[in-house]
Amino acid sequence: MRTIDDITRPLDYLPPAAQILSPIIRNWADNEVIPYRRQFDEDWEDHTLIHPPGKKLLGEYGIQKLLFPVDLGGMGFGESDYAFTSMFILGEEMARADSGLAVGLGVTLWPLMSIALKPHVNRRLLEEFAPLYCNTTEMISGALCMTEPQGGADIENVELLKGSTIQTTAVRDGDEWVINGHKLWPSNTGGMADLLVVVCTTNPGSRDPADVTLIFVPGDLPGVTQSGPYEKAGMACDKNGDVWLENVRVPLWYRAHGPGKDALFFLDIISIASGVTISFTSGMMMNVYERLLEFVNETKLHGRPLKENDAVAGVLADYTATLEVIRIVGYQAARMLDRSDLYGERWSPEMMAKMRSYRYFTMDRCLDVMGKVMNLMEAYGADRDRDIEKHWRDIKMNQLWLGGKQLCQIEAARWFFECETL
Ligand SMILES: Cc1cc2nc3c(=O)[nH]c(=O)nc-3n(C[C@H](O)[C@H](O)[C@H](O)COP(=O)(O)OP(=O)(O)OC[C@H]3O[C@@H](n4cnc5c(N)ncnc54)[C@H](O)[C@@H]3O)c2cc1C
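1. What to know about the site of the ligand
And then number 1: Near the ligand you find 22 residues, and of these Leu144, Met146, Thr147, Gly152 and Ala153 are the closest.
And then number 2: Contact distances for the ligand include 2.8 Å between an oxygen atom and a backbone N or O atom of alanine 153.
And then number 3: Burial of the ligand by the surrounding chains reaches 70%, relative to a free accessible area of 970 Å².
And then number 4: Those elements that place two or more of their residues in the shell around the ligand are strand E1 (142-145), helix H7 (153-156), strand E3 (176-187) and helix H16 (404-416).
And then number 5: Its residues assigned to classes, the shell around the ligand shows 12 nonpolar, seven polar and three charged.
And then number 6: Two domains each donate at least three residues to the shell around the ligand, and these are domain 2 (143-261) and domain 3 (264-416).

Structure follows, in structure tokens:
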């Protein structure tokens, strides 16, 4: 009997930790998430069922310590040559169970990437926040606050717009930043963010990247208000909401790096997220493969298993060919992020264009074959008991963040065709 482990991944560049990491997360997914996930949609507001598996993985297994240096109680992956291939494994195994959970849990690590990854480690800030993440078995939630009411894509379009549309301000007052603004949609908000990284400007309207700031803001500071979570089409495990910042004061050294560097490393974490989130697509597709195997073996057409029909075989082949390619592309993207000595700086326009290309291409292909699977399964595709419709909704939502498909296309075309106005 074929299984998801027959889907190829590039064995020659898997991280040494793969043998340990994969079974731990697979076991967690099979026992802590998959049996309960059908009820997660109704749990979007309270997270009564959703919180325990998150706490187990991040807090009890300690995945939230991943990026911190070992001497601060972490696992040292921030300086590993396998950081992103390891995160890819993590993302795939989590998303096989629930890609909304993968987003929520993964985003806890995401803002930390601005200060924890070589070559731009900010040791002082890591020391400041290591106790929050490393000295507890409770789940910690991190959030990266970029999107604002006037638009998210423009804020992420740093290369062209250079932060000129950011409305959230950081004003220096003595040895503190005073932050004012309104953010929308950050993952892990909706009341749950313990630590925010807020994308601000020191000079609204400026096109000088030196004015873009990434500032760490503890979620319980006076002046930070989070709305309740939005009710979305899917991805109930990822809470999103409004964040208002009113005269929030933090020390000056809570800025990630400084003028110019914050803009670069903001690009870095967008580039990383674009590549690593392909793991959510391949992980989700692997679970659909499992469900599809069951369906085409047990369902009979003209007295034969459904899979033994020519037209059906075409759909099945399209599905697994797409999964094979997406998985290879995803691991390759993660490897390129790991090996900047070979492929260039992660925050370069070239890497951004390539990561954005892989991301939108893989999402489009996935959505295409998911539609075919829904057609093949007919009513069973829409039946919540089969879990296909859940993945189908969730993967569409996955396509909508990080500036959406259009920004991916803009950034890809800009670099490959040297466009000047996009
Ligand atoms: C599940 C989920 C999780 C999210 N997580 C986060 C998070 O962690 N942090 C966060 O800050 N935000 C998050 N978001 C918000 C998301 O990043 C934004 O929705 C996204 O960046 C698009 O921004 P917008 O909705 O404001 O649309 P806009 O930026 O207003 O764009 C509207 C439309 O215009 C298109 N467009 C924009 N610019 C151009 C252009 N130059 N040319 C042509 N078309 C263009 C866009 O593609 C889109 O179709 C999340 C959203 C979702 C759904």
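2. Some remarks on the domain arrangement of the protein chain
Often, the extent of an interface is quoted as the loss of accessible area on bringing the components together.
And then number 1: You can read the domains of the protein chain as domain 1 (4-141), domain 2 (143-261) and domain 3 (264-416).
And then number 2: Placing the centre of domain 1 and that of domain 2 at their C-alpha centroids yields a distance of 23 Å.
And then number 3: If you look at the interface, domain 1 gives 31 residues, while domain 2 gives 26 residues.
And then number 4: At the boundary of domain 1 with domain 2, total buried surface from both sides reaches about 2500 Å², with 69% on carbon and sulfur atoms.
And then number 5: Our enumeration of links across domain 1 and domain 2 arrives at nine residue pairs in polar contact (both at pLDDT 80 or more).
And then number 6: Elements with a contribution of two residues or more to the side of domain 1 that touches domain 2: helix H4 (99-109), helix H5 (113-116) and helix H6 (123-134).
And then number 7: Looking at side-chain class alone, the side of domain 1 that touches domain 2 contains 17 nonpolar, eight polar and six charged residues.

3. So, the packing of aromatic side chains
And then number 1: For the structure on display, the rule yields 10 aromatic pairs.
And then number 2: Taken together, a centroid distance of 5.5 Å and an interplanar angle of 55° make the contact between phenylalanine 295 and tyrosine 380 tilted. Highlighted residues: phenylalanine 295 in helix H10 (residues 278-298) and tyrosine 380 in helix H14 (residues 379-382), separated in sequence by 85 residues.
And then number 3: When its relative accessible area of 2% is taken as the criterion, phenylalanine 295 is described as buried.
And then number 4: Pairing tryptophan 415 with phenylalanine 416 gives two aromatic rings, centres 5.0 Å apart and planes at 85°, and the pair type is edge-to-face.
And then number 5: The class for tryptophan 415 is partly exposed, based on a relative accessible area of 30%.

The rules behind these values
- Residues numbered from 1 in each chain as written.
- Predicted model: local features only at pLDDT ≥ 70, side-chain atom pairs only at ≥ 80, totals over all residues.
- Heavy atoms only, no water.
- Near = heavy atom within 4 Å.
- Polar contact = N/O pair within 3.5 Å; in protein donor to acceptor, adjacent residues only side chain to side chain.
- Areas by Shrake-Rupley, 256 points an atom, 1.4 Å probe, with all protein chains shown as cover.
- Helix = DSSP H or I, 4+ residues; strand = E, 2+ residues; numbered from the N terminus.
- Nonpolar A, V, L, I, M, F, W, Y, C, P; charged D, E, K, R; others polar.
- Domains from an automatic or database assignment.
- Contact = heavy atoms within 4.5 Å.
- Buried area = accessible area lost by both parts, 1.4 Å probe.
- Phe/Tyr/Trp six-rings, centres within 6.5 Å; stacked < 30°, edge-to-face > 60°.
- Buried < 20%, exposed > 50% of the residue type's maximum accessible area, 1.4 Å probe, protein only.

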